[in-house]
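Coordinate inspection notes
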Amino acid sequence: MTKQGLVIALIAVAFGLFILGASPLFVVDITQTAIVVQLGKPVRNVTEPGLNVKIPFIQEVTYFDKRLLDYDSEAQDVITQDKKTLLLDNFAKWRITDPLKVYQAFQSQRGALQRLHDIIYSELRVELGRHDLLEIVSSSRAELMRVVTQRSNEKASVYGIEIQDVRIKRADLPEQNEKAVFARMQA
């Protein structure tokens, strides 16, 4: 093979690898941070936006959002102190403060979101279980949410997550209770 043929073959192989995603370059957006992982172990935390270099096939890049994120849960049952069941729909505002801790604990932002769900729902159940239905839906709701936010944030900070606010979007009676209430109202 001639020297010119060898150069063309090398360029073709490099171009083919580049097309297949084995590029040694990666871009970190201004809204992201990245963890460079080599053979399953984090080796570098990239917090500044721009073009960066990695070793193809050996290093992988995992991205984390550094903006304020939304968490919106499905409606779930919570039992109050007066033994009433509430169907609670809540949401929270959160952010990843330490992507390395999040990667070590969950390997992805999706895993962190699942843990966040567990923490917030647990704190809601505990705090709302200490109060009557009337307090939850009217008088001390803001104070309850402040306490839930504070406790949830304490637990989540271990994982490199900051919870800024937890709120109740909707609190309803379960369907079977609604039917019983409507039946009593009609009677």
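This text follows the structure it describes.
Not measured: the values here are computed from a predicted model.

**Some words on the overall build of the protein**
Along the protein, the regular secondary structure elements total six helices and nine strands. Counting the 187 residues in the protein, one finds 31% classified as buried. Here the analysis covers contacts within the protein between residues at least 6 apart in sequence; of these, 65% occur between residues at least 24 apart. Of the roughly 11600 Å² of accessible surface on the protein, 57% is carried by carbon and sulfur atoms.

**A look at the nonpolar core**
Counting 31 residues, the largest nonpolar core has Trp-94, Ile-120, Leu-128, Ile-161 and Ile-163 as its most contacted members. At the level of secondary structure, the elements contributing two or more residues to this core comprise β2 (32–38), β6 (69–72), β8 (85–96), α2 (99–106), α3 (109–128), α4 (133–139), α5 (141–156) and β9 (161–172). At seven residues, the largest contribution of residues to this core is made by α3. If we ignore the near neighbours within four places in the chain, the residues touching Ile-161 are Trp-94, Arg-95, Thr-97, Val-102, Phe-106, Ala-112, Leu-116, Asn-153 and Ala-156. If you look at the next biggest cluster of nonpolar residues, it comprises five residues, including Val-28, Ala-34, Val-36 and Val-46.

**Thoughts on the packing of α3 against α5**
Relative orientation of the contacting elements α3 and α5 amounts to 140 degrees, with a least axis distance of 9 Å. On the basis of the axis angle, α3 is oblique to α5. Handedness of the crossing formed by α3 with α5: right-handed. Listed contacts from α5 to Ile-119, Ile-120, Glu-123, Leu-124, Glu-127 and Leu-128 of α3 are Leu-144, Met-145, Val-147, Val-148, Arg-151, Ser-152, Lys-155 and Ala-156.

**Describing the sheet that holds strand β5 (residues 59–65)**
Spatially, the three strands line up as an open sheet ordered β3-β2-β5, and their pairing is antiparallel. Every interior strand has two partners, whereas the edge strands, β3 (41–46) and β5, have only one. For this sheet, the mean inter-axis angle between neighbouring strands, taken without regard to orientation, is 25 degrees. Relative to β3, β2 runs antiparallel, the two being bridged by five bridges. Directly across from Ile-35, in β3, lies its bridge partner Asn-45. Contacting β2, β3 and β5, α2 runs over the sheet at an angle of about 50 degrees to β2.

**Here we look at the pairing of β6**
Going residue by residue along β6, you find Leu-69 and Tyr-71 tucked away on one face and Asp-70 and Asp-72 left uncovered on the opposite face. In this sheet, β8 lies alongside β6 in antiparallel orientation, the contact comprising four bridges. Paired with Asp-70 across the bridge in β8 is Lys-93.

**Here's the deal with the side chain of Ser-152**
You can see Ser-152 is positioned in helix α5. If near-sequence neighbours (up to four positions away) are discounted, Ser-152 is found in contact with Ile-119, Ile-120, Glu-123 and Ile-163.

**Details of the pattern of salt bridges**
Pairing between side chains of opposite charge can happen when the charged atoms of each approach one another. What the rule picks out here adds up to nine salt bridges. Asp-65 is the partner of Arg-67 in a salt bridge, and the nearest nitrogen-oxygen pair spans 2.7 Å. On the basis of relative accessible area, Arg-67 is assigned to the partly exposed category, the value being 45%. Residue classification places Asp-65 among the buried residues on the basis of a relative accessible area of 14%.

**Quick notes on unusual backbone geometry**
Although it is not a glycine, Phe-57 adopts a positive phi angle of roughly 70 degrees. Positive phi, normally seen in glycine, also occurs at Gln-107, with a value near 70 degrees. Here Gln-107 lies in the loop between α2 and α3.

Thresholds, definitions, all that
Throughout this document, residue positions are counted from 1 along each chain, in the order its sequence is written. Per-residue local features of the predicted model are confined to residues with pLDDT of at least 70, and side-chain atom pairs are confined, for both listing and counting, to 80 or more; whole-chain, interface and lining totals are unaffected and use all residues. Hydrogens and waters are ignored; side-chain quantities use all the structure's heavy atoms. Each helix is a run of H or I in the DSSP string that is no shorter than four residues. Each strand is a run of E no shorter than two, and both are numbered from the N terminus. To sort residues, take the accessible area from a 1.4 Å probe on protein chains only and compare it with the maximum for the residue type: under 20% means buried, over 50% means exposed, and anything in between is partly exposed. Only heavy atoms matter for contacts: two residues are in contact if any of them lie within 4.5 Å across the pair. Under the convention used here, a 1.4 Å probe and the Shrake-Rupley method define accessible areas, while residue burial counts only the protein chains that appear. Each nonpolar core is a collection of buried residues, namely Ala, Val, Leu, Ile, Met, Phe, Trp, Tyr and Cys, held together in the definition by side-chain atoms within 4.5 Å. Only the stretch in contact is used when fitting a helix axis, every axis being a line fitted to C-alpha atoms; angles between N-to-C directions are given from 0 to 180 degrees. Note on angle classes: values under 35 degrees are labelled roughly parallel, values over 145 roughly antiparallel, values of 65 to 115 roughly perpendicular, and the remainder oblique. By definition, turning the near helix anticlockwise from the far helix through less than a right angle yields a left-handed crossing, and turning it clockwise yields a right-handed one. For two strands to be treated as a pair, DSSP must find no fewer than two bridges joining them. For this document, the term salt bridge refers to a Lys or Arg side-chain nitrogen within 4 Å of an Asp or Glu carboxyl oxygen.

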